[in-house]
Amino acid sequence: MALTQEKIRVSIITATYNSGNTLTDTVLSVLSQSYSNVEYIIVDGGSQDNTIEIIKMFECRFNGNLKWISETDRGLYDAMNKGIQLATGDIIGVLNSDDFYTSQTVLSRVVAEFENKSLDAVYGDVHFVKADNLNKFVRYYSSRIFKPVLMKYGFMPAHPSFYCRKYCFFKYGLYKIDYKICADFDLLLRYVYVNKISIKYIPLDMVTMRLGGVSTNGIGSHIRIMKEHLRSFRENGVKSNVFMLSIRYLYKITEFFIK
C-alpha cells in the first residue's frame, strides 16, 4: 500500500503576511511529515517583516517541492485561491501560518483514506493553544458530530483539517474573496451541503492552532460570522435563521471541557 500511497501528491497551501513570529513552526511541521510526496505552496501578501527570509532559509530543504510568491493580494482567501491555482497535487489542504501539524503522521493518515477513489474529501479534529504558551491547551474542536444537515445550524468540519480532491475546487468554485471571515464556511456549504460531495471523518487531532486568528478573535468576529453565514445561506438557497445559528454556541461551550 505504501507504494500506491506515494503516487498521491498532496499540495499544502499556507497564506502569509508578516508571519515571521510563527512561520518557522508551520514550515517545520510540514517538513516533519512522514509522507513525502508533498508540494508546499506559500502565498505571501507582501510581508514587511522577516517572513520572506524564513521562506528562503527553508527553501532548499524541500528539494524543489516548495513554491512561493510574494505580492499584494486582496486578503486571506485571495491568497488561498492563488495557492489552489498553483497546486499540482491530487489532494489540496490548507495550513495557516500560525498553525502546525499535531503529529508527524497526519498526511500519511489523510492519504490512506484517499485510496478510496470514490471519496472526495476528509476532515478531522483540531485543538487551540495559547499564542504565547503552546503547551497551554484552550479548546478542542472535534468534527466528530458533524453531519451535512448541521450546516444549517452553522456547524462545519474544522477547516484546517479539511482535505479535498483538486477537481472539486474547479467544479464547485473557489473561495469568495469578498467574505471577510466565512469564505471557508461558504465553500464547504457549496461542496458538502449543496453539491453533496463524498466526505469522511477521521478521528484524529490534525492541527494545533494558536488562539486569536482571523475567526477566533473577539465578539466582533462572532457578529460578522453570523452575518456572513446568513449571507451564504441566501446565496446558496439554504433555509436557516438567527435562532438556528445560535444553537451552535451552546454546543461550543462544551468544547472547553473536552480534553
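About the thresholds
- Residues numbered from 1 in each chain as written.
- Predicted model: local features only at pLDDT ≥ 70, side-chain atom pairs only at ≥ 80, totals over all residues.
- Heavy atoms only, no water.
- Helix = DSSP H or I, 4+ residues; strand = E, 2+ residues; numbered from the N terminus.
- Rg over C-alpha atoms; globule rule 2.2 N^0.38 Å.
- Buried < 20%, exposed > 50% of the residue type's maximum accessible area, 1.4 Å probe, protein only.
- Contact = heavy atoms within 4.5 Å.
- Areas by Shrake-Rupley, 256 points an atom, 1.4 Å probe, with all protein chains shown as cover.
- Lys, Arg positive; Asp, Glu negative; His and termini not counted.
- Charge placed at Lys NZ, Arg CZ, Asp CG, Glu CD.
- Pairing = 2+ DSSP bridges.
- Core = buried A, V, L, I, M, F, W, Y, C linked by side-chain atoms within 4.5 Å.

(A) Molecular detail of the overall build of the chain. On a plain count of helices and strands, the chain comes out with 9 helices and 9 strands. Taken over the C-alpha trace, the chain has a radius of gyration of 18 Å; the compact-globule value for 259 residues is 18 Å, and the two agree within 12%. Along the first, second and third principal axes, the C-alpha atoms of the chain reach 50 × 40 × 35 Å. Across the 259 residues in the chain, those meeting the buried criterion constitute 53%. In the chain, the proportion of contacts linking residues at least 24 apart, taken out of those at least 6 apart, comes to 79%. Counting every atom, the chain has about 12,000 Å² of accessible surface; 55% of that belongs to carbon and sulfur. Positive and negative side-chain charges of the chain, numbering 32 and 25 respectively, have mean locations separated by a distance of 8 Å.

(B) Examining the pairing of strand S6 (residues 121-130) more closely. In terms of residue burial, S6 counts as a mostly covered element, since 9 of its 10 residues are buried. Two strands pair when backbone bridges link them, and S6 and strand S8 (residues 163-165) are joined in this way by 2 bridges, in the antiparallel orientation. Bridged to Val122 within S8 is Tyr163. In the sheet, S6 pairs with strand S7 (residues 133-141) via 5 bridges, with the strands oriented antiparallel.

(C) Highlighting the nonpolar core. With 40 residues, the main nonpolar core has Met151, Cys164, Phe169, Tyr175, Tyr191 and Ile197 as its most contacted residues. Contributions of two or more residues to this core are made by strand S1 (10-16), strand S2 (38-44), helix H4 (76-86), strand S4 (91-94), S6, helix H6 (166-172), helix H7 (183-194) and helix H8 (219-236). Among the elements that take part in this core, H7 stands out by supplying 7 residues, more than any other. Excluding anything up to four places from it in sequence, Ile197 contacts Asp120, Ala121, Phe162, Cys164, Cys168, Tyr172, Tyr191 and Val192. Counting 36 residues, the second-largest nonpolar core is a separate cluster that includes Ile12, Tyr40, Ile54 and Met206.

Shape is all these values report; function is a separate question.
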